[in-house]
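Architecture at a glance
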Amino acid sequence: MKKQLYLLLMSFITLLLLSNCSTNTKSNTSETSGSNIKVIKDVDIYYVQSVEYIDPDRIFFHISLSETLPPDADKKILPANLTPKKYTLTDKERKLFMKMAGIAEDAYFWIYDYTNNQLYSYPISSMVATAILDVFRYEGSPPYNTEDYRIGFDLPQDLLPRFRSNYDLFVSITKNNPFAQEQLTPLDWRLIPNANYPDTGPDKLSNRNYGNLPKYLKSYMANANNMTFYVQDYVDEEKPQRRDIYKIFERELLVVDKEGNTLFKRRMYQGESRSLVGLNNYHDYENEKFQWAGQLFKDLPPVVFGFQWFSFGCEGLDFIAPYRDGIEFKCDNRH
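Residues numbered from 1 in each chain as written. Predicted model: local features only at pLDDT ≥ 70, side-chain atom pairs only at ≥ 80, totals over all residues. Heavy atoms only, no water.

**Examining the nonpolar core**
In this structure, F97, F109, I111 and F153 are the most contacted members of the largest nonpolar core, which totals 44 residues. Taken together, the elements giving at least two residues each to this core come down to β2 (60–64), α2 (73–77), α3 (91–101), β4 (108–113), β5 (118–123), β6 (128–133), β7 (149–154) and β8 (169–174). The contacts of F109, once residues within four sequence positions are left out, are I63, Y120, S121, Y122, I124, M127, F153, L155, V171, S172 and I173. (Core = buried A, V, L, I, M, F, W, Y, C linked by side-chain atoms within 4.5 Å. Buried < 20%, exposed > 50% of the residue type's maximum accessible area, 1.4 Å probe, protein only. Helix = DSSP H or I, 4+ residues; strand = E, 2+ residues; numbered from the N terminus. Contact = heavy atoms within 4.5 Å.)

**Quick word on the sheet that holds strand β9 (residues 185–186)**
Reading across the sheet, the five strands line up as β9-β16-β17-β19-β20 and stay open at both edges, with antiparallel pairing between neighbours. A single partner strand is all that each edge strand has here, and the edge strands are β9 and β20 (327–328). Two strands pair when backbone bridges link them, and strand β16 (residues 292–294) and strand β17 (residues 303–305) are joined in this way by three bridges, in the antiparallel orientation. Across the sheet, W292 pairs through a bridge with F305, a residue of β17. (Pairing = 2+ DSSP bridges.)

**Regarding the packing of aromatic side chains**
Enumeration according to the criterion identifies 22 aromatic pairs in this entry. With centroids separated by 4.8 Å and ring planes inclined at 25°, the aromatic side chains of Y114 and F170 adopt a geometry described as stacked. Taken as a pair, Y114 in the loop between β4 and β5 and F170 in strand β8 lie far apart in primary sequence, 56 residues in all. You can call F170 buried: its relative accessible area is 4%. Taken together through their ring pairs, the aromatic side chains of Y114, F170, W292, F305 and F329 make up a single cluster. (Phe/Tyr/Trp six-rings, centres within 6.5 Å; stacked < 30°, edge-to-face > 60°.)

**With respect to the pairing of strand β11 (residues 217–224)**
Strand residues, when the strand is regular, have side chains that alternate between the two faces of the sheet. A large share of β11 lies buried, amounting to six of its eight residues. When strand β10 (residues 190–192) meets β11, the two strands line up antiparallel, connected through three bridges. Following the sheet pairing, L191 is matched in β11 by Y220. Strand direction decides the pairing type here: β11 and strand β12 (residues 227–235), joined by eight bridges, are antiparallel. Paired with M221 across the two strands is Y230, which belongs to β12.

**Concerning α3**
Within the sequence span of α3, burial applies to E93, R94, F97, M98, M100 and A101. Buried residues of α3 fall within an arc of 165° about the axis and therefore sit on the same side. Exposed residues pointing more than 90 degrees away from the buried face of α3 are listed as D91, K92, K95 and K99. Elements that come into contact with the buried residues of α3 comprise α2, β3 (86–88), β6 and β7. After α3 finishes, the residue G102 shows a positive phi value of roughly 75°. (Arc of directions from axis to C-beta.)

**Overview of the pattern of salt bridges**
Enumeration according to the criterion identifies 16 salt bridges in this entry. Here D72 makes a salt bridge to K75, at a shortest N to O gap of 3.4 Å. Of the charged contacts in the structure, one is a salt bridge between D233 and R251, with a shortest N-O distance of 2.8 Å. With D233 in strand β12 and R251 in strand β13 (residues 248–256), the pair connects residues that are 18 residues apart, well separated along the chain. Residue classification places D233 among the buried residues on the basis of a relative accessible area of 2%. On the basis of relative accessibility, which here comes to 1%, the residue R251 falls in the buried class. The network of salt bridges with common partners includes D134, R150, D332 and R334. (Salt bridge = Lys/Arg side-chain N within 4 Å of Asp/Glu carboxyl O.)

**A short note on unusual backbone geometry**
Leaving glycine out, the prevailing phi sign among residues is negative, and the prevailing peptide bond configuration is trans. Looking along the chain, the bond that leaves P142 and enters P143 is cis, with omega of 0°. Counting through the fold element by element, P143 comes out in the loop between β6 and β7. Phi at N81 is positive, roughly 60°, even though this residue is not glycine. In this fold, N81 is placed in the loop between α2 and β3. Given the relative accessible area of 58%, N81 is considered exposed. Positive phi is not limited to glycine here, since D332 has a value of about 50°. Inspection of the secondary structure puts D332 in the segment after β20.

Spatial relationships are all this shows, so hold off on functional conclusions.
Take a look at the structure:
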């Protein structure tokens, strides 16, 4: 009898262990999925600022890393009571800056011109570390406070003639190149009947209600990279004096695969700190392409971007994959 009880007890313990193993396996799968999202969040893309206000006779491109620094790091990196509007860091200051910014000495600047699919790389050791006065501070009188400066790097001056503008550049500071270098595609939008816009369920835009305004929708479609992109705008046509882009209350972006399965959906809004961008082929900027899609990064889902501008905050991009967070560019947008 004791032997039977012992065997029964051991069987129960074995089942518990097997159950725990099964649970742990599922947990690891979940953690792996979560870590993939974390990897995506950890991709830092920096905004390139075109600086004209410091010296109108010499425009240069600057990349600020101030927002990646710990609080009050500027006070430790820069000397007090600086008077120049642009200051080159000493070797000691540069070393401290890189340490506080978490940049390895053997890292590279990867500068990707996505409109022309051109990639430029420079070892971090060759880049000039500078602090420049923020655009909202440069008209003040010296000496300046350390927090008035953006601390970062100048792009090599000989690169400037190769770029159409600073808006077409993505910059990453890493040891290895994160960019896939597969030409992105500008989205070629065309107006379609609203009936051809996919039914996105009970939360579809046509169910929205902005007071007494009549429901006026405009739908668009574009094809790229074996995917179909849809945009639907909720438009106010009662104020014809407004520019078309300011008539849009709300916008939905939908991406589907060849079988019509939804890959990605997002809602965007006009607001005090953000505005919607005119769609390619439907804005006032001749030959300018704002919306792009494609394989931007190695081993990550494709991306789509170019639908919003921000007054407070930074633009970014979205991954065309369910339940994935996008990337907000590091742009040091202070006011």
